[in-house]
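An overview of the molecular structure
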Amino acid sequence: MSLTSTEYYNRDLSWLRFNHRVLQEAADVRNPLYERIKFLAIFSSNLDEFFKVRVSAIRQIKTLDKGLRKKLITKPNKLLKKIKKEVNQQQEEFGNVFKKQIIPELKTAGMELINYTKFSKAQQQFAKAYYKENLAAKLTLKHQFSQEEDIFIENEQLYLASVYNDQLLVFKIPADTPRFIVFPSEDDTHHITFVDDILKHNLTEVYPENTFHSIKVSRDAELYIENEYSGNLLEKIKNSLGNRNTGQVTRMLIDQNASEDLLDELKDEFNVNDTDIVLGGTYHNFKDFFGFPNPTDKKLGLPDLPPIRNKALNAYNSMFSAITDKDRLLYFPYESFDHVSELLEEAAADVAVTKIKITLYRVAKESRLTNALIEATKNGKEVTVFMEAKARFDEQNNIKWGKILEEQGAKVIYSYPGIKVHSKILCITRIENEIPVLYGYVGTGNFNEKTAKLYTDFGLMTTNEKITSELSQVFQVLEREIIIPKSKKLLISPFTSRSTFLELIGQEIKNANEGKEAYIILKLNSIQDKRMIEALYEASNAGVKIELLVRGICCIVPGIPNQSENITVKSILGQFLEHARVYIFANDGNEKMYIGSADWMTRNLDHRIEVIAPILDKDIHQQLRNYVQWQLDDTVKARIIDAKQKNKYVTQDANAIHSQEKAYDEILKMNL
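The following refers to the structure shown. (Residues numbered from 1 in each chain as written. Predicted model: local features only at pLDDT ≥ 70, side-chain atom pairs only at ≥ 80, totals over all residues. Heavy atoms only, no water.)

1. Quick look at the sheet that holds strand β1 (residues 111-113)
Using the following cut-off: At least two bridges found by DSSP between two strands is the condition for calling them paired. Here a helix means four or more residues in a row that DSSP labels H or I, a strand means two or more in a row labelled E, and each is numbered from the N terminus. The axes used here are C-alpha line fits, helices contributing only the stretch in contact, and every angle between their N-to-C directions lies in the interval 0 to 180 degrees.
Pairing is mixed in the open sheet, where three strands are placed in the order β1-β6-β5. Bordering the open sheet on either side are β1 and β5 (180-182), each of which pairs with just one other strand. Strand-to-strand, the axes of this sheet are offset by a mean angle of 25 degrees, without reference to chain direction. Pairing of β1 with strand β6 (residues 190-194) involves three bridges; the strand directions are parallel. Each bridged residue has a counterpart across the sheet, and for leucine 113 the counterpart in β6 is isoleucine 192.

Structure representation (structure tokens):
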């Protein structure tokens, strides 16, 4: 099947529609006030990363020869215009949510967010004192008074700009000061202001004729390592990290109230055009709202859902005994990630354990897990860590932990040229009755205690030799002992994931053609790979029922006659970030189910080491089936992804199902 533009939704525009779903959460009055403020921060943070990564990539494509450019993106300029149009619409919606909903509701809750023009005399005095004590010495002025001096705007930093005597005047807002300042209370209302307004109040006293406007730039975040295949890749990554601070401007965000004179000066000084400029609100870096203060005594957020201890695991004195008796599944963040840390801590102290091997993609800055690995090396265990040094925006932290582990005696293997290791796997060798026994872990999410409280993920622990023997082979590949693993149960990218998934889809097509029950259920973060989408279209045309749960990028176009009329797509966004991947195939009544780290994106199937495990335990199979079904039945947080990705909420009936709340409640009951 040859895909046309109507059959394949552009990945970048689809990502923007995902971020629109984030914005929907900010506008959803069913969410508590501070939960909605959090989603404004998430929206802002997401958009910053989009411009640093995706928009910069499209810009680079523009510089390629036409033949190669057409293979990647047919019309990059046209796409950039579509992106700008969508972003501008969302920025306007964002501003309306903030001004017309959040600000009034803060006032109702006893808080007023005020700008410098609304300061009382007492607040003006406080602003002067705060400026003198906390800001004046840190304030950096950049100007054009000397024609030889270039003004450089740092990536993602905040600035105030104005035109003074026909020259550009730019002040950097100090990054190491709180973004929000709570004034001493004068009455029953708590007054809060941006640090931006503290500066504006003081600057207008120095420049009384000037109005200062916020500006911010996003710069290309690619490291541009010239040749991954020669020399020391780790050193190249280290040396390239600074490029992010000086990369090409991919977006200049400017206060929409800025004068034409200021816009012209900014365009000239920074060599940007209208496509690069996004007109926004008075304030930028809304990701700072993650730390928005609540000086009241009111509960304005969602109630905490503390991770639940797994009752079955708690019944054992040893994690090894628990896993030996039965495969174990953990569902984060509803269940506690502490069980994983405890497994490693027990392994570190257990004299019967000889080897620990693990892949680390994104590591928490403070980590029980890495401390356990260090303790294991001190206790004489052979510890092997594959540390992915190319995990975007976590390179520095990963390299830091790699160095610490190396210094403590662990064998640390870093990134390979041209491929990322994205798998979440662990293999522990333990001597039992003089025989080495392998304990395996396959996860959908990172070994990261922080994100395990925010992202929904599954972790499978097993001693099933059909899985652990093949996990051992993956580590042999990483240690360059073998080139290609021989796997019958595990799906391993870039070796067998694509071909096995295509075979599974093919079997569903065959079953449908023979009048047998045929369906496919996929829970993914993203689906973008054209070959996999073609296969699903073919399955749909054969009568296979296909249900997709896709959190983010969705390039498949559902509901099109003679193409995808048997495909439905939903997307769930809620308190926790949906991150788990589950793959289910009817298989003529003998359902096959897998979990793993791979989305159906070309990079995951062809350019990363990914591990996907079959679910062989019947109890775990049923558990996962229930969890997935709750999401398919969600009527509170689910959106319908139609051909135009309008993000319409699923119609709610009297029996409303909130899949995340239901998962927590059911797991709590199971573990009482």
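2. With respect to the pattern of salt bridges
Opposite charge on two side chains allows them to pair when their charged atoms are near. Applicable threshold: By salt bridge we mean one thing: a side-chain nitrogen of Lys or Arg within 4 Å of a carboxyl oxygen of Asp or Glu. Partly exposed describes any residue whose relative accessible area lies between the buried limit of under 20% and the exposed limit of over 50%, with all areas from a 1.4 Å probe on protein chains only and scaled to the type maximum.
Inspection of every chain in the model, using the stated rule, returns 35 salt bridges. In this structure, lysine 216 engages aspartate 48 in a salt bridge whose closest nitrogen and oxygen atoms are separated by 2.8 Å. One end of the pair, lysine 216, is in strand β7 (residues 213-219); the other, aspartate 48, is in helix α2 (residues 33-62), with 168 residues separating them in the sequence. The burial state of lysine 216 is the same as that of aspartate 48; both residues are buried. Measuring nitrogen to oxygen at the nearest pair gives 3.2 Å for the salt bridge that ties lysine 326 to aspartate 619. One end of the pair, lysine 326, is in the loop between α10 (319-325) and β10 (328-332); the other, aspartate 619, is in helix α18 (residues 618-632), and 293 residues separate them in sequence. The class of lysine 326 is partly exposed, set by a relative accessible area of 26%. Taking relative accessible area as the criterion, aspartate 619 reaches 47% and is therefore assigned partly exposed. A single salt-bridge network, built from bridges that share partners, covers Asp48, Lys216, Arg251 and Lys287.

3. Points about the packing of aromatic side chains
Where we set the bar: Two rings from Phe, Tyr or Trp (for Trp, the six-membered ring) form a pair when their centres sit within 6.5 Å of each other. Planes less than 30 degrees apart are called stacked, planes more than 60 degrees apart edge-to-face, and all others tilted. Definition used: whenever NZ (Lys) or CZ (Arg) falls within 6 Å of the ring centre and also within 35 degrees of the ring normal, the charge is taken to sit over that ring.
Counted according to the given criterion, the structure contains 34 aromatic pairs. Ring geometry for tyrosine 34 against phenylalanine 292: centres 5.9 Å apart, planes inclined by 45 degrees, an arrangement best described as tilted. Separated by 258 residues along the polypeptide, tyrosine 34 in helix α2 and phenylalanine 292 in the loop between β9 (277-280) and α9 (311-314) bring together distant segments of the chain. The exposure class assigned to phenylalanine 292 is buried, which follows from its relative accessible area of 8%. For the pair tyrosine 334 and phenylalanine 576, a centre-to-centre distance of 5.6 Å together with 85 degrees between the ring planes defines the contact as edge-to-face. Note that tyrosine 334 is positioned in the loop between β10 and α11 (338-349) and phenylalanine 576 in the loop between β21 (567-572) and β22 (577-578), a separation of 242 residues in sequence. Accessibility expressed as a relative area gives 1% for tyrosine 334, which makes it buried. Of the aromatic side chains, those joined through ring pairs into one cluster are Tyr34, Phe43, Phe94, Phe98, Phe180, Phe194, Tyr283, Phe286, Phe289 and Phe292. Seen from the ring of tyrosine 649, arginine 30 lies directly overhead, with NZ or CZ sitting 5.3 Å from the centre. When the ring centre of tyrosine 8 is taken as origin, the NZ or CZ atom of lysine 530, which lies over that ring, is 4.9 Å away.

4. Some words on the state of the cysteines
Disulfides are covalent bonds that connect the sulfur atoms of two cysteines. Inclusion rule: Criterion for a disulfide: a pair of cysteine sulfur atoms at a distance within 2.5 Å.
One pass over the full model with this rule turns up zero disulfides. The cysteine cysteine 555 is free of any disulfide, with cysteine 554 supplying the nearest cysteine sulfur at 7.1 Å. By relative accessible area, which is 0% here, cysteine 555 ends up buried.

5. So, the side chain of threonine 377
What counts is decided by this rule: In this description, contact between two residues means that some pair of their heavy atoms is separated by no more than 4.5 Å.
Along the chain, threonine 377 falls in helix α12 (residues 368-378). Apart from residues no more than four positions distant in its own chain, threonine 377 is found in contact with Val383, Gln408, Gly409 and Ala410.

6. Considerations on the packing of helix α5 (residues 121-135) against helix α6 (residues 195-206)
What counts here: Oblique is the label for any angle not under 35 degrees, not over 145, and not in the 65 to 115 range, which are roughly parallel, roughly antiparallel and roughly perpendicular in turn.
Where α5 meets α6, the closest approach of the two axes is 9 Å, and the angle between their N-to-C directions is 95 degrees. As judged from the angle between their axes, α5 and α6 are roughly perpendicular. Of the residues in α6, those touching α5 at Gln124, Ala127, Lys128, Tyr130, Tyr131 and Leu135 are Val195, Ile198, Leu199, His201, Asn202 and Glu205.

7. Notes on the pairing of strand β3 (residues 159-164)
As paired strands, β3 and strand β4 (residues 167-172) are joined by six bridges and run antiparallel to one another. By the bridge assignment, valine 163 is partnered in β4 with leucine 168. Between β3 and β4, which pair antiparallel and follow one another directly, the connecting turn spans two residues, one of which, asparagine 165, has a positive phi of 55 degrees. As paired elements, β3 and β7 share three bridges and run antiparallel to each other. For alanine 161, the partnering residue across the bridge sits in β7 and is histidine 213.

8. Topic: the environment of tyrosine 8
Stated precisely, the cut-off is as follows: Within 3.5 Å is the distance limit for a polar contact, defined as a pair of N or O atoms, with the added protein rule that one can donate a hydrogen and the other accept it, and that residues adjacent in sequence qualify only through two side-chain atoms.
Residue position: tyrosine 8 is located in the segment before α1 (11-27). Residues tyrosine 8 and aspartate 588, spaced 580 residues apart in sequence, show a C-alpha to C-alpha distance of 30 Å. A polar atom in the side chain of tyrosine 8 sits 2.4 Å from the backbone oxygen of glutamine 528.

9. Quick word on the packing of α1 against helix α4 (residues 76-108)
What counts here: Residue polarity follows a fixed list, in which Ala, Val, Leu, Ile, Met, Phe, Trp, Tyr, Cys and Pro are nonpolar, Asp, Glu, Lys and Arg are charged, and the others, Gly among them, are polar.
For the pair α1 and α4, the least separation of the axes is 11 Å and the interaxial angle reads 5 degrees. Between α1 and α4, the angle falls in the class roughly parallel. Of the residues in α4, those in contact with Asp12, Leu13, Leu16, Arg17, Asn19, His20, Leu23, Ala26 and Ala27 of α1 are Leu79, Lys82, Ile83, Glu86, Val87, Gln90, Glu93, Phe94, Val97, Gln101 and Ile102. Considered class by class, the residues forming the contact of α1 with α4 number 11 nonpolar, four polar and five charged.

10. Regarding the pairing of β4
If a strand is regular, its side chains alternate between the two faces of the sheet. Burial of β4 is extensive: six of the six residues sit out of reach of the surface. Burial of β4 is two-sided: the residues Gln167, Leu169 and Phe171 facing one way and the residues Leu168, Val170 and Lys172 facing the other way are all buried.

11. Topic: a negative patch on the surface
Basically, it comes down to this: Patch membership is restricted to residues that have no salt bridge and whose relative accessible area is over 30%. Joining uses 9 Å for like charges and 5 Å for the nonpolar side chains Val, Leu, Ile, Met, Phe, Trp and Tyr. Here the open area of atoms and residues is found with the Shrake-Rupley method and a 1.4 Å probe, where only the protein chains shown may cover a residue. This count recognises Lys and Arg as positive and Asp and Glu as negative, with His and chain-terminal groups excluded. A single reference atom marks each charge: NZ on Lys, CZ on Arg, CG on Asp, CD on Glu.
A cluster of acidic residues, Asp166, Glu260, Asp261, Asp264 and Asp268, forms a negative patch on the protein surface. Within the secondary structure, aspartate 261 sits in helix α8 (residues 260-270).

12. Section: the side chain of asparagine 210
Looking at the element boundaries, asparagine 210 is found in the loop between α6 and β7. For asparagine 210, the side chain forms a polar contact with the side chain of serine 162, separated by 2.8 Å. The contact partners of asparagine 210, leaving out residues within four places of it in the chain, are Ser162, Val163, Tyr164 and Thr204.

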